[in-house]
Amino acid sequence: MAQVARQIRRVSSILVQHCFTMQKHLSRIILIALLAAGGIRPVWAQPRFEHYRLIDESMGLPDNNVRAICKDETGFMWFATREGLCRFDGRHFKTYKNDPTDPGSLFDNQVEDVVAFRGKIWAATPMGISILDPKTERFSHFQFDSFTIVRTPKRDVGMLVTKLYIDPRGNLWCGTQSNGLCRYLPELDSFQFFAPLQLRKTQAYYNLNNDFRILSIVAAKHNDSIIYAGTLNGLQEVNYYSGSVAIHFYPDKSSRKEKAINVFRRLYIHDDSLLYSGRWSDGVYVFNPKDKTHKPLQFSDNYGANMVVSATNFTRKSADEFWITTGLGLVCYNTKLQRITYVKENDLEFGALYGIDFMDENQRVWFPILKGVALFDPCQQQVVSYSFKGMRPPGESYGYYILPGRTDQELLLLPRNDDALYHFDLETHQYKRVALSEQGTNKTGIGQALGFSKAPDGTYTLLGQNGIFTYDPRTQKVLPFRYKPPAEFYSLRNIYWDRSGQLWMCELGKAAYRWNPKTNKTRKFYKEFLFRKHLVNFRWLNKSGRTPKANFGFGVLAALAYFSRKRIPCSIFYTRLHLKKHWPIPTG
């Protein structure tokens, strides 16, 4: 009986858990239905694209104009640039360039595309294909001339290889300017050409603006023998088993529109087997492989639709969604809802562009921008940004000093060049701007902000190029500070109230000062910063740590100073560093 009772209790517990789970799911469904009925859309989880690491020429990239990105099987990143083929290991760069005296070097420095294929790196250039063997670091080459292979390359017109693509079956495809589409045959170390009859009948070699130049390549999902190639003058459908090439061209009453919609600049096939194509203008179109129709991308509402004017890339996100990189920014399109679910607009004022060119297995996004390559790491995206851009005047004005406000729900932000202070509410995420030049007797403003510290009485002390000022957060007024230091304001950097109620400030390269408001006396520190008979050239004064005894540390150039009220001079911890390489000289 006891065993039966235990079984009954166990079954009852399971039923209760299932009922609770069903109730929770039912509540969620009802909530979504109520939101939809009220005209409120449920928010779908989306990753953020806020913070990126910039990879540029200052780090070793040969050129900021990056045309394509790929990753090889050993983990190296490869960049196709206008100044060579570049390998990146996360810290260091190695660039391969043309050496006119070495036939085993990269044949042309202008690399249009790059892929990793069968342990080698294939680079598309205006002079054909250069293939790097990473083991020997030597290149071999292919050129295409009138649908034949040239193994001894020469500099000539019409040799451009525009695109490289590896299909799901492991075939390597090459798109050219004048020789159509071709597939690499590893067993023969040769190529099979696929080109429409219109192209073969013309002297395409000399036609540098050929309408059949390959812009993009993608494999079909509904038929594994079909490859699509986008051109300037229609969509090519290639059956590489039969060798047939069909061209899909869509006339329009407007000659301008006809020309625009038949440019298949970028191709993408989603899980629904539909082909999505992007162009320089006129938005995204959808090609249906079954009925060969070609229609504009549909939107159930206007949210973000204006962003899809030009499309430069497509990237799969899930079975129902994919990313579209456009000339205006990055959007995410849901094929089931037929609407855009995420928008990230470019910020041209700050040179911030958003998009996806390559996404690795760690979900890191690599994207070429005007000034190099932007690397969006998922870990960095955990940081949320709240901008005060719309409230500040035009020009350079970035957040520089941040201190806690009067309450736990407030921060005070003092920009470098704004003549204003911002109150930020941590609950509402809203800013309130206080113009410092319009408060109290301070008619000229504080000038460039050089220091910010909270005083013992709850007010804030501001150091600017025009003087030292007191800010009262309750009245939001600024008044001149009653102490004038024995140095010019423009040479001072940072200020700090210590726990004993004394104010510290630093004069660039000369001395530090400590002012006692009780006695109104100032002490200058100079000899205390002599190290091996040389003055330690400190540039900025920062609180780096405090103990209950009111000791604190501050930074000096290439050293760390530790000050103790009970022991003078300071203790200086010197680090032997090559300043240019390891210790950047501070600018503020």
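Scroll up a little and you will see the structure.
Along each chain, numbering runs from 1 in the same order as the chain's sequence is written. Where local features are concerned, this predicted model is filtered to residues with pLDDT of at least 70; where side-chain atom pairs are given and counted, the filter is 80 or more; whole-chain, interface and lining totals use all residues. Heavy atoms throughout the structure, all of them, feed into the side-chain values; hydrogens and water do not.

Secondary structure elements follow DSSP: runs of H or I no shorter than four residues count as helices, runs of E no shorter than two count as strands, and numbering proceeds from the N terminus. Each helix and strand counted, the chain has four helices and 46 strands in total. Working definition: with a 1.4 Å probe on protein chains only, accessible area under 20% of the residue-type maximum means buried, over 50% means exposed, and in between means partly exposed. Across the 588 residues in the chain, those meeting the buried criterion constitute 48%. We call two residues in contact whenever any of their non-hydrogen atoms come within 4.5 Å of each other. Considering only contacts within the chain whose residues lie at least 6 apart along the sequence, 46% involve residues at least 24 apart. Here the Shrake-Rupley method, with its probe set to 1.4 Å, supplies the accessible areas, and only the displayed protein chains count as covering residues. When the accessible surface of the chain is totalled, it reaches about 30,900 Å², and 52% of it is carbon and sulfur.

The tendency in soluble globular proteins is for nonpolar side chains to be buried side by side. For the purposes of this section, nonpolar cores are sets of buried Ala, Val, Leu, Ile, Met, Phe, Trp, Tyr and Cys residues that join through side-chain atoms within 4.5 Å. Trp 173, Ile 227, Tyr 228 and Leu 275 are the most contacted members of the largest nonpolar core, which totals 24 residues. Those elements that provide at least two residues to this core are β15 (214–219), β16 (226–231), β17 (234–239), β19 (266–269) and β21 (285–287). Counting 20 residues, the second largest nonpolar core, distinct from the first, contains Ile 129, Phe 142, Cys 182 and Ala 195.

Read across the sheet, four strands follow the order β11-β12-β13-β14 without closing on themselves; strand pairing throughout is antiparallel. Edge positions in the open sheet fall to β11 (161–166) and β14 (190–194), since each of these has one partner strand only. Each adjacent strand pair in this sheet contributes to an overall mean axis angle of 25°, direction not counted. At least two bridges found by DSSP between two strands are what make those strands a pair. Where strand β12 (residues 172–176) meets strand β13 (residues 181–185), three bridges bridge the pair, whose relative direction is antiparallel. Bridged to Trp 173 within β13 is Arg 183. For helices, the fitted line uses only the C-alpha atoms of the stretch in contact; every axis is such a line through C-alpha atoms, and the angle between N-to-C directions lies from 0 to 180 degrees.

Attention shifts here to the sheet that holds strand β39 (residues 503–507). If you trace the four strands from one edge of the open sheet to the other, you get β38-β39-β40-β41, paired in antiparallel fashion. This sheet does not close on itself; its edge strands, each paired only once, are β38 (492–497) and β41 (521–525). When strand polarity is set aside, the average angle formed by the axes of neighbouring strands in this sheet is 20°.

Tracing the backbone through its elements, the reader meets Asp 145 in strand β9 (residues 138–145). On a C-alpha basis, the gap between Asp 145 and Asp 156 in space is 9.9 Å, while along the polypeptide they are 11 residues apart. Only 3.3 Å separates the side chain of Asp 145 from the side chain of Ser 146, close enough to count as a polar contact. Contacts described as polar in this section are N or O atom pairs within 3.5 Å, which, within protein, must combine one atom able to donate a hydrogen with one able to accept it, while residues neighboring in sequence count only if both atoms come from side chains.

This next bit is on the pairing of strand β40 (residues 511–516). Among the six residues in β40, six count as buried, and that is most of the element. In β40, alternate side chains face the same way, and those of Ala 511, Tyr 513 and Trp 515 on one face and Ala 512, Arg 514 and Asn 516 on the other are all buried. Here β39 pairs with β40 via five bridges, running antiparallel. Bridging from a neighbouring strand, Trp 504 pairs with Arg 514 of β40.

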